[in-house]
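Observations on chain architecture
Chain by chain, the residues:
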Amino acid sequence: MLFVIGALAIGFLLLTAFVFFFPISFVDREFSEEVQEHHNQFLDMVMKGISWVGYMPAAPVIVVGTALIFYIFKYKKEALFVVFTMLSGVISSTIKLVINRPRPSEPLVRIIVKTQQQSFPSGHVLFYVMFFGFLTLLMYEVKTIPKYIKLPVSVISLLFIFSIPYSRVYLGAHWFTDVTAGFLLGLICLYILSVLYLKQLLSKK
């Protein structure tokens, strides 16, 4: 597993270096063109809905609300670690300031949703992988959660994780390299958070 995390870290660093020296690349432009080639009002609405969860104030409300549900049902440690997923915002914002990559702009791409801050990495993708990924882990690890809750929560979480990269590019909010870097960094953060949680879990047994 450490080898995998090392490979993810190297991949993220290489992407960061690439984006720093080549803010707008042929690969990014071609990928955005392919994703946005087939669009309609219904798909616009679906993609906006997928991304809505990651915007302010929806994201912190959902995280805190989820943590409160765990806390109410006596899963105090789980509630605390769910709150920790909000650190994704601090991590992405810090890297955005350092790299300072501009957002995609017209006429290079079709802008459906105008966004603030810099572009690299995608904070939405980082947050979704970290929050929904950890939620999926909890559905597997917490044995006392009923199966009729575990399955839908896991399925919905995975749908969000794998649809958000497409959504951000489709909406013209990010480049392909932005969402790829967000996904890699999200996996690294999710791994660290999960290891810390599982160590706490084992120490209680």
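See the structure shown above.
In this report, we go over the structure that sits alongside the text.

Cut-offs and rules
Residues numbered from 1 in each chain as written. Predicted model: local features only at pLDDT ≥ 70, side-chain atom pairs only at ≥ 80, totals over all residues. Heavy atoms only, no water. Helix = DSSP H or I, 4+ residues; strand = E, 2+ residues; numbered from the N terminus. Expected span 1.5 Å × (residues − 1). Buried < 20%, exposed > 50% of the residue type's maximum accessible area, 1.4 Å probe, protein only. Arc of directions from axis to C-beta.

In this model helix H1 (residues 2-21) runs 29 Å from its N-terminal to its C-terminal C-alpha over 20 residues, within 8% of the 28 Å that 1.5 Å per residue would give. Within H1 the residues assigned to the buried category are Ile5, Leu8, Phe12, Leu15, Thr16 and Val19. Relative to the axis of H1, the buried residues are bounded by an arc of 105° and lie together on one face. Seen from the open side of H1, the exposed residues pointing more than 90 degrees away from its buried face are Leu2, Phe3, Ile10, Leu13, Leu14 and Phe21.

Attention shifts here to unusual backbone geometry. Of note, the bond from Glu106 into Pro107 is cis; its omega dihedral lies within 30 degrees of zero at 10°. By secondary structure assignment, the location of Pro107 is in the loop between helix H6 (87-99) and helix H7 (123-141). The phi dihedral of Asn100 is positive, around 55°, even though this residue is not glycine. For Asn100, the position within the fold is in the loop between H6 and H7. In this structure, Gln117 is a non-glycine residue whose phi angle is positive, near 60°. Inspection of the secondary structure puts Gln117 in the loop between H6 and H7.

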